[in-house]
Amino acid sequence: MEYHSNSNSSLTHLEETKKKPLTLSNGGEYLPESASNGNTPIMVVVTTEPGSGSDKKGIVPNGAGPGYPERETWTRQMDFIMSCIGFAVGLGNVWRFPYLCYKNGGGVFLIPYLLIVFAGGIPIFFLEIALGQFMKAGSINVWNIAPLFKGLGYASMVIVFFCNTYYIMVLAWGLYYLIKSFNPILPWSTCDNEWNTPNCIESFHPEDCKNGSLANVTISGNMTCAELAKAQSPIVEFWENKVLSITSGLDEPGHIKWEMLLCLIAVWLLVYFCVWKGVKSTGKIVYFTAIFPSLVLIILLVRGVTLPGAYDGIMYYISPDWSKLGEAQVWIDAGTQIFFSYAIGLGALTALGSYNRFNNDCHKDAFILAAINSGTSFFAGFVVFSILGFMAAEQGVDISLVAESGPGLAFIAYPKAVTLLPVSPLWAALFFFMLLLLGLDSQFVGVEGFVTGILDLFPGKYQHRYKREIAVAICCSLCCIIDLSMVTEGGMYVFQLFDYYSASGMTLLWQAFWECVVVAWVYGADRFMDDIARMIGYRPFFWIKWCWLFVTPCVCMGIFLFHLINYKPLTYNNEYVYPWWGEVIGWCLALSSMLCIPVSFLYRLCRAKGTFKEVRDAKNN
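What counts as what
- Position labels on residues start from 1 in each chain and follow its written sequence.
- Side-chain atom pairs in this predicted model are given and counted only at pLDDT of 80 or more, local residue features only at pLDDT of at least 70, and totals for whole chains, interfaces and linings cover all residues.
- Calculation of side-chain values draws on the structure's entire complement of heavy atoms; hydrogens and water are dropped beforehand.
- Strands here are runs of E lasting at least two residues and helices are runs of H or I lasting at least four, both read from the DSSP assignment and numbered beginning at the N terminus.
- Note on exposure labels: buried denotes an accessible area under 20% of the residue type's maximum, exposed denotes more than 50%, and partly exposed covers the range between, all computed with a 1.4 Å probe on protein chains only.
- In what follows, a contact means two residues having at least one pair of non-hydrogen atoms within 4.5 Å.
- To be clear on the numbers: accessible area is Shrake-Rupley with a 1.4 Å probe, and residue cover counts the displayed protein chains and nothing else.
- Sulfur atoms of two cysteines make up a disulfide when they are within 2.5 Å.
- What makes a nonpolar core is a set of buried Ala, Val, Leu, Ile, Met, Phe, Trp, Tyr and Cys residues whose side-chain atoms join them at distances within 4.5 Å.
- To get an axis, a line is fitted to the C-alpha atoms, and for a helix only the part in contact is used. The angle between two axes follows their N-to-C directions and goes from 0 to 180 degrees.
- The hand of a helix crossing depends on one turn: near helix anticlockwise from the far one by less than a right angle means left-handed, and clockwise means right-handed.
- In this classification, Asp, Glu, Lys and Arg are treated as charged, Ala, Val, Leu, Ile, Met, Phe, Trp, Tyr, Cys and Pro as nonpolar, and every other residue, Gly included, as polar.
- A patch consists of residues exposed above 30% relative accessible area that lack any salt bridge, with like charges linked at up to 9 Å and nonpolar side chains (Val, Leu, Ile, Met, Phe, Trp, Tyr) linked at up to 5 Å.
- When a carboxyl oxygen of Asp or Glu is within 4 Å of a side-chain nitrogen of Lys or Arg, the pair counts as a salt bridge.
- When we speak of the arc, we mean the arc of directions from the helix axis to the C-beta atoms.
- Aromatic contacts are taken between Phe, Tyr and Trp rings whose centres are within 6.5 Å, Trp giving its six-membered ring; a plane angle under 30 degrees counts as stacked, one over 60 as edge-to-face, and the others as tilted.
- Here, a charge over a ring is recorded when the distance from Lys NZ or Arg CZ to the ring centre is within 6 Å and its angle to the ring normal is within 35 degrees.
- In this analysis, the expected span of each helix is defined as 1.5 Å times one less than the number of residues it contains.
- Known as pLDDT, the predictor's per-residue confidence is scaled from 0 to 100.

Caption draft 1: A look at the overall build of the protein. Of regular secondary structure, the protein possesses 23 helices and six strands. Out of the 621 residues belonging to the protein, those deemed buried represent 58%. At a minimum sequence separation of 6, the contacts of the protein that also span at least 24 residues come to 80%. Counting every atom, the protein has about 25,200 Å² of accessible surface; 63% of that belongs to carbon and sulfur.

Next up, the structure:
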C-alpha cells in the first residue's frame with residue numbers, strides 16, 4: 001500500500017499526501033476531492049477483484065492489500081471490546097495507580113489524571129483504533145498513509161516485542177505463588193523453611209523500639225532492638241531467597257531456577273494455544289480473562305471493607321492534599337500512568353482495530369473503553385487500600401510503611417496481608433488467580449498485535465495453511481529463549497533493565513508524539529477526520545482534532561523532556577546501583593525502538609530518486 005505518484009522522488013509522498021489517492025488495504029483507492037469548494041471529500045472505491053463485495057457504505061474493508069486473503073473480523077463487536085479491556089486493563093491498574101494516587105495527594109490526583117486523560121489518553125487511544133480500522137492492517141502497514149514515517153510501525157513492533165518478553169515473567173511468578181497457595185500453611189508465613197535466615201522474624205511491632213535506650217534490650221524472642229533493625233519478614237525472604245534466589249548484582253547471573261523455568265514454559269504454552277488460531281478464538285477467551293478478575297476485585301473489596309483498619313486505609317487513599325497540585329511530579333506521574341495503562345504506542349490497539357467491521361463506531365468504543373480502564377484503576381484502589389489499612393492496623397504501623405507499588409505490592413505486601421486473614425490459602429489463591437488472568441489477557445493481545453504486524457508484511461503469494469500457527473510459535477519461542485536470562489538467580493536485574501528502559505515512559509511518549517505529528521500534520525488532521533466520518537457516519541468531537549494537532553504532542557513532549565532531564569540511574573531496592581555497562585544495555589534497549597523513526601525516515605530519504613528541487617517543482621505545479 002503506497003501512494004501512487006508520477007514523480008521519481010519518494011519525497012513527493014510527503015509533499016503530495018493531501019493530493020494523491022491513497023491505496024486502501026483492500027486494494028481500492030479513495031480520491032479526496034479538492035476542498036477549495038467547501039464540499040466534503042468524496043471516496044471513490046476501486047475493487048481489485050471483479051465481483052468482490054463491499055460494505056454498505058461502498059467500502060471494501062477486508063484484506064491487507066492487493067493479493068491478500070480476506071481479513072478476519074470479530075465474530076461479535078463485544079469480542080473487540082473485551083479484547084481491548086483485557087489488554088488495557090492489566091496489572092498496572094491494580095498495583096500502580098492506587099500507589100500513585102495516595103502518593104500524589106489522594107483524591108486530588110484525579111484532577112491532573114482526568115485532564116490528561118482527555119488531553120492525551122483518549123485522543124491517541126482513539127487514533128490508534130481508528131487508524132487500524134480504516135487501513136485494515138497491523139501496526140506496520142497502517143503507516144502506509146505516510147511511507148516516509150513507516151518507522152513508527154517498526155518502533156511499535158520493537159516495543160511490544162520487548163513488552164511481551166519481560167511482562168510474562170510476572171505471570172510466571174504469579175503462577176508459582178498460585179501453586180504454593182494450595183498448601184494448608186502458606187510457605188511465606190513462617191520462618192522455619194530452608195530458605196529462611198536467622199534474621200527472619202514473623203511478627204514485630206516497631207513501636208516497642210521507639211525509645212532509643214532500648215537498643216540492647218531483648219524485645220522479641222532472643223533478638224534485641226539493634227538486631228531487629230536488620231530483621232526481615234518471612235514473605236521478603238520467600239520472595240528474595242526462594243522465588244528469586246537473587247545474587248549480588250547483574251554481573252552474577254547464577255544458575256537457572258528450574259521451578260521458575262517450568263512456570264515460564266507453562267505460561268508460554270497457555271499463551272500460544274490461546275492465540276494461535278487468531279481473533280476468533282482469542283475473542284472468546286478474553287470474556288473469561290477480562291470479566292473474572294473484576295468479579296474477584298468485587299469479592300476482595302467486600303472482604304476488605306469488613307476488616308478492622310479498612311476505613312483508615314481507604315481514607316488514606318482518597319484524602320485530598322491540595323498542595324500537591326503545585327508539584328510538577330504529580331502531573332508527570334498522571335501522564336505516565338495514562339500512557340502505561342491505556343497501552344498506547346504498542347501497536348496492539350491498531351491490530352485489534354484492524355479486525356473491526358469498517359463501519360464500527362470506534363469513536364464511541366474509545367470513550368467506553370477509556371471509562372472502563374480508568375474506572376477499574378480507581379476501583380482497584382479501594383480494594384488495595386482496604387487490605388493495606390487492615391495490614392497496617394495489625395502490625396501497628398502507619399499505612400505509608402506498608403503501601404507499595406509494582407511487584408512489591410503483588411508479591412510482598414498482599415501476600416503478607418493474606419497471612420493475617422482466616423482461611424488465608426483461599427484468599428491467596430483467589431488473589432494470584434486474579435493476578436494471573438489480569439496479565440494473561442494483556443499478554444494474549446500483545447502477542448496478537450506483534451504477530452498481526454509481522455503477517456501483514458507478507459504478500460498473499462506467501463500464504464501457507466499454517467502460517468499463523470508457525471509465526472505465533474516462532475514469536476513465543478524467541479521470547480521464551482530471551483526469558484531464560486530472567487529465570488536465573490540474577491534474573492531480576494535483567495527484568496528491571498527491560499522494564500525500566502525497553503517499554504518505559506520515554507519510549508511510549510516518543511512514540512505517541514510522532515503518531516500525532518504524522519497523522520495530524522503529515523497525513524492531515526482534517527483528512528483523517530473525514531476518513532473517520534466515512535467509517536462511523538459522523539465527525540468526532542472537534543477537540544479530538546485540536547488535541548492531535550497541538551495539545552497531545554505538547555503534553556507528550558513535555559513529559560518526555562521532564563523524564564529526560566530528571567533521569568536517574570536504575571537501582572534495585574534503592575541499594576544496588578547498576579554498573580555502567582548495564583545502563584548502556586538499557587539505553588540500547590530504549591534506543592532500539594526510538595531510533596526506528598528517524599533512521600527509517602533518513603533511509604527512505606536517501607534511497608529516493610530525484611532531488612529536493614523536483615519536490616519543490618511538484619508542489620508549484
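Caption draft 2: Local environment of the state of the cysteines. With the rule as written, the count across this model stands at one disulfide. A disulfide bridge connects C191 with C200, and the sulfur atoms are separated by 1.9 Å. One disulfide, between C191 and C200, carries an S-S torsion of -70° and so falls in the left-handed class. Look at C191 and you get partly exposed, because its relative accessible area is 21%. This cysteine, C475, is not joined by any disulfide, and C479 carries the nearest cysteine sulfur, 4.5 Å off. No disulfide involves C556; its sulfur sits 5.6 Å from the nearest other cysteine sulfur, which is in C516. The exposure class of C556 is buried, given its relative accessible area of 0%.

Caption draft 3: Spotlight on the nonpolar core. Counting 195 residues, the largest nonpolar core has W173, W239 and W548 as its most contacted members. In terms of residue count, helix α6 (residues 151-180) provides more of this core than any other element does, 20 residues in total. With residues near it in sequence (within four places) discarded, W239 still touches W173, Y177, L244, P407, F411, I412, M492 and Y572.

Caption draft 4: Spatial organisation of the packing of helix α5 (residues 110-135) against helix α12 (residues 328-341). Between α5 and α12, whose axes approach to 9 Å, the crossing angle comes to 40°. Relative to α12, α5 is oriented so that their crossing is right-handed. Here α5 contributes P112, Y113, L115, I116, V117, G121 and I124 to the contact with α12, which in turn contributes V330, W331, A334, G335, Q337, I338, F339 and S341. Looking at the contact of α5 with α12 residue by residue, the classes come out as 11 nonpolar, four polar and no charged.

Caption draft 5: Local environment of a nonpolar patch on the surface. A surface patch of nonpolar side chains, about 550 Å² in accessible area, is lined by W521, F542, W546, F550 and V551. Here the nonpolar patch gets four residues from one element, more than from any other, and that element is helix α20 (residues 542-565). By secondary structure assignment, the location of F550 is in helix α20. On the accessibility criterion, F550 (37% relative accessible area) is partly exposed.

Caption draft 6: Highlighting the pattern of salt bridges. Scanning the model with the defined rule gives eight salt bridges in all. Across the pair K103 and D333 runs a salt bridge, and its minimum N-O distance is 3.5 Å. Here D333 lies in helix α12 and K103 lies in helix α4 (residues 97-103), a separation of 230 residues in the sequence. Residue class for K103 comes out partly exposed when judged on its relative accessible area of 35%. The salt bridge involving E327 is made with K324; its shortest N-O contact spans 4.0 Å. Residues joined by salt bridges that share partners form a network here, namely D526, D530, R539 and K545.

Caption draft 7: Structural detail: helix α11 (residues 310-318). Along α11, the residues classified as buried are A310, G313, I314 and Y317. Projected onto a plane normal to the axis of α11, the buried residues spread over an arc of 95° and lie on a single side.

Caption draft 8: Structural detail: the side chain of D79. With respect to the secondary-structure elements, D79 resides in helix α2 (residues 77-88). The exposure class assigned to D79 is buried, which follows from its relative accessible area of 0%. Setting aside residues no more than four positions away along its own chain, D79 makes contact with W74, G283, K284, V286 and Y287.

Caption draft 9: Structural context of the packing of aromatic side chains. By the definition in use, this model includes 60 aromatic pairs. With centroids separated by 6.0 Å and ring planes inclined at 75°, the aromatic side chains of W188 and F432 adopt a geometry described as edge-to-face. Here W188, found in the loop between α6 and β3 (218-220), pairs with F432, found in helix α16 (residues 424-455); they are 244 residues apart in sequence, far enough to count as distant. Here W188 and F432 have matching classes, each one buried. Over the aromatic face of W546 sits the side chain of K545, whose NZ or CZ is 5.4 Å from the ring centroid.

Caption draft 10: Region of the structure containing the environment of A88. By secondary structure assignment, the location of A88 is in helix α2. You can call A88 buried: its relative accessible area is 6%. Residues A88 and A343, 255 residues apart in the sequence, show an inter-C-alpha distance of 5.5 Å.

Caption draft 11: Quick look at helix α17 (residues 467-483). The first and last C-alpha atoms of α17 sit 24 Å apart over 17 residues, in line with the 24 Å expected at 1.5 Å per residue. Looking at the buried residues of α17, the elements they touch are α6, α9 (258-275) and α16.

Caption draft 12: Just unusual backbone geometry, in detail. Within the chain, A343 stands out as a residue other than glycine whose phi angle is a positive 55°. Along the chain, A343 turns up in the loop between α12 and α13 (348-354). Take A343: its relative accessible area is 5%, and that puts it in the buried class. Even without being a glycine, N574 presents a positive backbone phi close to 60°. With respect to the secondary-structure elements, N574 resides in the loop between β5 (571-572) and β6 (576-577).

Caption draft 13: A look at the confidence of the model for the protein. Chain-level pLDDT for the protein is 83 on average; 82% of the residues reach the 70-or-more range. Counting interchain partners and residues more than four positions distant, the pLDDT-below-50 stretch residues 1-64 has 156 contacts. This model gives residues 212-220 a pLDDT under 50, and the stretch forms 20 contacts once residues within four places in sequence are excluded.

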